[in-house]
Amino acid sequence: MTAAPSIVRTSTAELYDAHVLKNYARPALTLVRGRGAQVWDDAGRDYLDFTSGIAVSALGHCHPHWVAAMQRQAAELIHTSNLFRHPNQGELARRLVGYAGPGRVFFCNSGAEANEALIKLARLHGVKKSGEEGKCYKIICAKNAFHGRTYGGMSATPQEKIQKGFRPLVPGFAFGELNNLESFASQIDDQTTAIFFETIQGESGINPATPEFLRGIRELCNKHNLLLMLDEVQCGIGRTGRFYAFEHAGITPDAIGMAKGLGGGMPIGAMWVHERHGELFQPGYHGTTFGGTPLACAAGLAVLDVIEREGLLEQVRKNSGPWIAALQKVAAEFPQHATGVRGVGYLLGVQLTSDPAPYLAALREAGLLAVGAGGNVVRLLPPLNVTPAELARSVEIVRSVFAAKTA
Ligand SMILES: *Cc1c(COP(=O)(O)O)cnc(C)c1O
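Keep in mind that this is a model prediction, so the values were computed, not measured. (Residues numbered from 1 in each chain as written. Predicted model: local features only at pLDDT ≥ 70, side-chain atom pairs only at ≥ 80, totals over all residues. Heavy atoms only, no water.)

Draft legend 1. View of the sheet that holds strand β14 (residues 347-352). Spatial ordering of the open sheet is given by β13-β14-β17-β16, a layout of 4 strands whose pairing is antiparallel. The sheet is open, and its two edges are formed by β13 (338-344) and β16 (371-373), each paired on a single side. Along the sheet, successive strands turn relative to each other by an average axial angle of 30°, direction set aside. With 6 bridges connecting them, β13 and β14 associate as antiparallel partners. When the bridges of β14 are listed, Ala 338 appears paired with Leu 352. Sheet contacts for helix α11 (residues 312-333): β13, β14 and β17 (377-380); angle to β13, the most-contacted strand, approximately 165°. (Pairing = 2+ DSSP bridges. Helix = DSSP H or I, 4+ residues; strand = E, 2+ residues; numbered from the N terminus. Axes fitted to C-alpha atoms, helices over the stretch in contact; angles between N-to-C directions. Contact = heavy atoms within 4.5 Å.)

Draft legend 2. The packing of helix α3 (residues 64-74) against helix α10 (residues 294-309), seen in detail. Where α3 meets α10, the closest approach of the two axes is 9 Å, and the angle between their N-to-C directions is 155°. In terms of orientation, α3 lies roughly antiparallel with respect to α10. Here α3 runs over α10; the crossing is right-handed. Contact residues: α3 offers His 65, Trp 66, Ala 69, Met 70, Gln 73 and Ala 74, while α10 offers Pro 294, Leu 295, Ala 298, Ala 299, Ala 302, Val 303, Asp 305, Val 306 and Arg 309. Residue classes in the contact of α3 with α10 are distributed as 11 nonpolar, 2 polar and 2 charged. (Parallel < 35°, antiparallel > 145°, perpendicular 65-115°, else oblique. Left-handed = near helix turned anticlockwise from the far one by under 90°. Nonpolar A, V, L, I, M, F, W, Y, C, P; charged D, E, K, R; others polar.)

Draft legend 3. Just the packing of helix α12 (residues 357-365) against helix α13 (residues 388-406), in detail. With their axes 10 Å apart at the nearest point, α12 and α13 run at an angle of 120° to one another. Between α12 and α13, the crossing angle belongs to the class labelled oblique. Along this stretch, α12 crosses α13, giving a crossing that reads as right-handed. Judged by residue contacts, Pro 358, Tyr 359, Ala 362 and Leu 363 of α12 engage Ile 397, Val 398, Val 401, Phe 402 and Lys 405 from α13. Partitioning the contact of α12 with α13 into residue classes produces 8 nonpolar, no polar and 1 charged.

Draft legend 4. Geometry of empty space enclosed by the protein. Taken as a whole and judged by the stated rule, the model has 1 cavity of 30 Å³ or more. Empty space within the largest cavity amounts to approximately 60 Å³. Around the largest cavity sit Val 350, Leu 352, Tyr 359, Leu 363, Val 378, Val 398, Val 401 and Phe 402, which together line it. Put simply, the parts of the chain that give the lining of the largest cavity at least two residues each are β14, α12 and α13. Among the elements that make up the lining of the largest cavity, the one with the highest residue count is α13 (3 residues). Of the residues belonging to the lining of the largest cavity, the class tally is 8 nonpolar, no polar and no charged. (1 Å grid on protein atoms, 1.4 Å probe; cavity = no way out; pocket = protein on both sides within 12 Å on 5 of 7 lines; lining within 4 Å. Points joined across faces, edges and corners; volume = space filled by probe spheres on them.)

Draft legend 5. Spatial organisation of the sheet that holds strand β5 (residues 138-142). Pairing is mixed in the open sheet, where 7 strands are placed in the order β4-β12-β11-β10-β7-β5-β6. Of all the strands in the sheet, just β4 (103-108) and β6 (173-176) have a single pairing partner and so form its edges. Looking at each pair of strands side by side, their axes are set apart by 20° on average, direction ignored.

Draft legend 6. Highlighting the packing of aromatic side chains. Per the counting criterion, the structure on display carries 10 aromatic pairs. Ring centres of Phe 184 and Phe 213 lie 5.5 Å apart, and the angle between their planes is 70°; this geometry places the pair in the edge-to-face category. One end of the pair, Phe 184, is in helix α8 (residues 181-185); the other, Phe 213, is in helix α9 (residues 211-224), with 29 residues separating them in the sequence. Of the two residues examined, Phe 184 and Phe 213, each falls in the buried class. Judged by centre distance (5.9 Å) and plane angle (85°), the rings of Tyr 359 and Phe 402 are edge-to-face. Here Phe 402 lies in helix α13 and Tyr 359 lies in helix α12, a separation of 43 residues in the sequence. Side by side, Tyr 359 and Phe 402 carry an identical accessibility label, which is buried. In textbook terms, an aromatic cluster arises when at least three aromatic residues are bridged by ring pairs, as seen for Tyr 99, Phe 243, Tyr 244 and Phe 246. Sitting above the plane of the Trp 40 ring, Arg 33 keeps its charged end 4.1 Å from the centroid. Just above the ring of Tyr 359 sits the side chain of Lys 405; from NZ or CZ to the centre is 5.3 Å. (Phe/Tyr/Trp six-rings, centres within 6.5 Å; stacked < 30°, edge-to-face > 60°. Buried < 20%, exposed > 50% of the residue type's maximum accessible area, 1.4 Å probe, protein only. Lys NZ or Arg CZ within 6 Å of the ring centre and 35° of its normal.)

Here it is as structure tokens:
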């Protein structure tokens, strides 16, 4: 016998306390509605949302073009599985190849899944390179990286707080120092198949790979026949003012992992593989039930439409400069709280002098939602279509919080 549905109205907080897995430490905030860069909580209070759901809501909340595309597609065809073709997946692949270069795209549902596909690509490259399975599988990643919570992603993420409790991990990962070419070069051997890192480290506190480092790694990979695989899950899809963050360095990787901003809120991830490695995956080598549904791909297409029609890459490049300069000025006014601002475009980290948690709470109280990151950093990730007035307001809120904590 099944229980009768409860008619008792329980608060969202109570429901979470009673029934949701306790794997997140959340603030006491329940969001119910969003529009552009604004969200509202269940008490009707509004906030400037500079989390964008962790760099996901690239067009802000409920952009009319995105909403219309989703409504249309939801009424047309939502899911087919990958047993069959549908127009949206082909079209989204074409559009992504337009940004990344000649190659092929595999669709999945998240950043971690995109990275799993990259790791499997690296293994296949190693088999091709050595002519044998299990001989060439080492992937050199970066210290302080974050690549997701699956076994492959976690194994590529050399952080105690991520790995603790879950060992043994997947073998075959080595780690160099980001922006130290020699620390990567010195670890290359016959077993090495790929180099894999975030173009800009996000979770560990906004640490960009320099253009010189990226160019140096590209040369190393060419010399040793290694795949250069970049995790653009957080820094890609326009966040830095270029579609991919590596474009700032003028290089082309062999493979790219992307997700977050790609669906503008719908779960979608993707791996792009350069044409020269496009045949490594053969029928049956990899798969996913949900990856690249008509609905998820419609979301991706709507995001690209708006980025292109509204000139969002140019807007990010144009508006981020004054915003970063204003934040740097605030940091300089309050050296007891902040020592600087790092990042590119709308992927910023304010370097604090202590734990970001009380600052995040104070910012929230003052009406600004931001994200913490490793190394005492507050991340600011506005939507790509944020207005200059909203950017200016965020600076005032940061200033007010520093001032209140100083008084
Ligand atoms: C968020 C993130 C991931 C993991 O993506 P999920 O969608 O949470 O699985 C991987 N790499 C980077 C750089 C990320 O920022």
